[in-house]
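# Inside the fold
Single-letter residue listing:
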Amino acid sequence: LAQAFFFTACGMFSVIVQIVVMMIDAGFSPITAATAFGVTSLLSTISGMGSGFVAERFGALRTATVSYAGTAAGMLLLAAMTVWPSTLLLFLFVPVFGLCMGVRGPIISAICTRSFAGPRVATIYGTVYATNALGAALGSLVGGILHDVTGGYVAGFAFSLTSIAVATSA
């Protein structure tokens, strides 16, 4: 669970903190880029709220796996937009990435509290959740460094997708 939380956050935050700038660099207007990011975040909130229902209906593992696949697809769409900016790719990216972005956190939290129910659950869950914060910090830093060193986003996307693959294997 700690591995999944850590590497998911690494992968997500190496890209999320740069999404608006990526879109602007690709040629989208600042208002379009900010709006797309805002709608993506809104969809993430909605999917996070509904993820428990979906996980109970279809299984936590299946739901998480589909969300990882959607996240990877969203990252690939975002990468494609940096090369071929188009409204079509933007309209595909926002729901795919947004609806998958918020799903895993509640599922991992539920699995953790079920697996370790008892007097130490708060300490165990707190420790597992702390790996999310560490992954977010590392991912943001690495994403920025990779951009600065390479002058582009390709290395950051590779790092992000690799992190998502490692998270999926947990």
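These numbers come from a predicted model, not from an experiment.

### Overview of the side chain of Thr40
Summarising the element assignment, Thr40 is placed in helix 3 (residues 30–58). With residues up to four places along the chain from it excluded, the contact list for Thr40 reads Phe93, Val94, Phe97, Gly98 and Met101.

### Description of the nonpolar core
Residues Ile19, Met23, Leu78, Met81, Phe93 and Phe97 are the most contacted members of the largest nonpolar core, which totals 33 residues. Excluding anything up to four places from it in sequence, Leu78 contacts Val15, Ile19, Met22, Met23, Phe93 and Phe157.

### Re the pattern of salt bridges
Between side chains of opposite charge, a pair can form as their charged atoms come close. Scanning the model with the defined rule gives one salt bridge in all. A salt bridge links Glu56 to Arg114; its shortest N-O distance comes to 2.6 Å. In this pair, Glu56 is assigned in helix 3 and Arg114 in helix 6 (residues 104–115), connecting sequence segments 58 residues apart. The burial state of Glu56 is the same as that of Arg114; both residues are exposed.

### Some points on the packing of helix 3 against helix 5 (residues 87–101)
Interaxial distance between helix 3 and helix 5 falls to 6 Å at its minimum, and their mutual angle equals 35°. Classified by chirality, the crossing of helix 5 by helix 3 is right-handed. Along the contact surface, helix 3 presents Thr32, Ala36, Val39, Thr40, Ser41, Leu43, Ser44 and Ser47, while helix 5 presents Leu90, Phe93, Val94, Pro95, Phe97, Gly98, Leu99 and Met101. Classifying every residue of the contact of helix 3 with helix 5 by side-chain character gives ten nonpolar, six polar and no charged.

### Considerations on empty space enclosed by the protein
Take a probe with the size of a water molecule and roll it over the atoms, and the empty space left behind shows itself. Under the definition given, this model contains one cavity of 30 Å³ or more. Considering the residues around the largest cavity, the lining is formed by Ser14, Val15, Gln18, Met22, Gly143, Leu146, His147, Gly152, Tyr153, Gly156 and Phe157. Going through the elements one at a time, helix 1 (2–16), helix 7 (121–150) and helix 8 (154–168) are the ones with two or more residues in the lining of the largest cavity. Counting residues per element, the lining of the largest cavity draws most heavily on helix 7, at three residues.

### Some details on the layout of surface pockets
Looking at the largest pocket, its volume works out to about 290 Å³. Mapped onto the lining of the largest pocket, the elements with two or more residues apiece are helix 1, helix 6 and helix 7. The element that contributes the greatest number of residues to the lining of the largest pocket is helix 1, accounting for six residues. Taken together, the residues of the lining of the largest pocket sort by class into nine nonpolar, six polar and one charged. Here the second largest pocket defines a volume of roughly 230 Å³. Together, 14 residues line the second largest pocket, and Ala4, Leu61, Ala64, Tyr68 and Ala170 are the ones closest to its centre. Looking at the lining of the second largest pocket, the elements that each hand over two or more residues are helix 4 (60–83), helix 6 and helix 8. Counting residues per element, the lining of the second largest pocket draws most heavily on helix 4, at five residues. Partitioned by chemical class, the residues of the lining of the second largest pocket number eleven nonpolar, two polar and one charged.

### Focus on the packing of helix 7 against helix 8
Relative orientation of the contacting elements helix 7 and helix 8 amounts to 150°, with a least axis distance of 8 Å. Between helix 7 and helix 8, the angle falls in the class roughly antiparallel. From helix 7, Gly139, Val142, Leu146 and Thr150 reach across to helix 8, where they touch Ala155, Gly156 and Phe159. Looking at the contact of helix 7 with helix 8 residue by residue, the classes come out as four nonpolar, three polar and no charged.

So, how was this worked out
- Along each chain, numbering runs from 1 in the same order as the chain's sequence is written.
- Residues qualify for local features only when their pLDDT is at least 70, as the model is predicted, and side-chain atom pairs are given and counted only at 80 or more; totals for whole chains, interfaces and linings, by contrast, use all residues.
- Heavy atoms throughout the structure, all of them, feed into the side-chain values; hydrogens and water do not.
- Runs of H or I in DSSP of at least four residues are treated as helices and runs of E of at least two as strands, each being numbered from the N terminus.
- Here, residues are in contact when the closest pair of their heavy atoms is within 4.5 Å.
- Put simply, buried Ala, Val, Leu, Ile, Met, Phe, Trp, Tyr and Cys residues joined by side-chain atoms within 4.5 Å make one nonpolar core.
- Residue burial is assigned from relative accessible area. The probe radius is 1.4 Å, only protein chains are included, and a residue is buried under 20% of its type maximum, exposed over 50%, and partly exposed in between.
- The term salt bridge refers to a side-chain nitrogen of Lys or Arg lying within 4 Å of a carboxyl oxygen of Asp or Glu.
- Here an angle of 0 to 180 degrees is reported between the N-to-C directions of two axes, which are lines fitted to C-alpha atoms, with helices fitted over the stretch in contact.
- Whether a crossing is left-handed or right-handed is set by the direction in which the near helix is turned from the far one by less than a right angle, anticlockwise for left-handed and clockwise for right-handed.
- In the scheme used here, Gly and all other residues not listed as nonpolar or charged are polar, with Ala, Val, Leu, Ile, Met, Phe, Trp, Tyr, Cys and Pro taken as nonpolar and Asp, Glu, Lys and Arg as charged.
- Lining residues are defined by having an atom within 4 Å of a point belonging to a cavity or pocket. Those points lie on a 1 Å grid over the protein atoms alone, cavities being sets where a 1.4 Å probe fits but cannot get out and pockets being open sets with protein on both sides within 12 Å along at least five of seven lines.
- Grid points are joined across faces, edges and corners, and a volume is the space filled by probe spheres set on the points.
- Roughly parallel means an angle under 35 degrees; roughly antiparallel, over 145; roughly perpendicular, 65 to 115; everything else is oblique.

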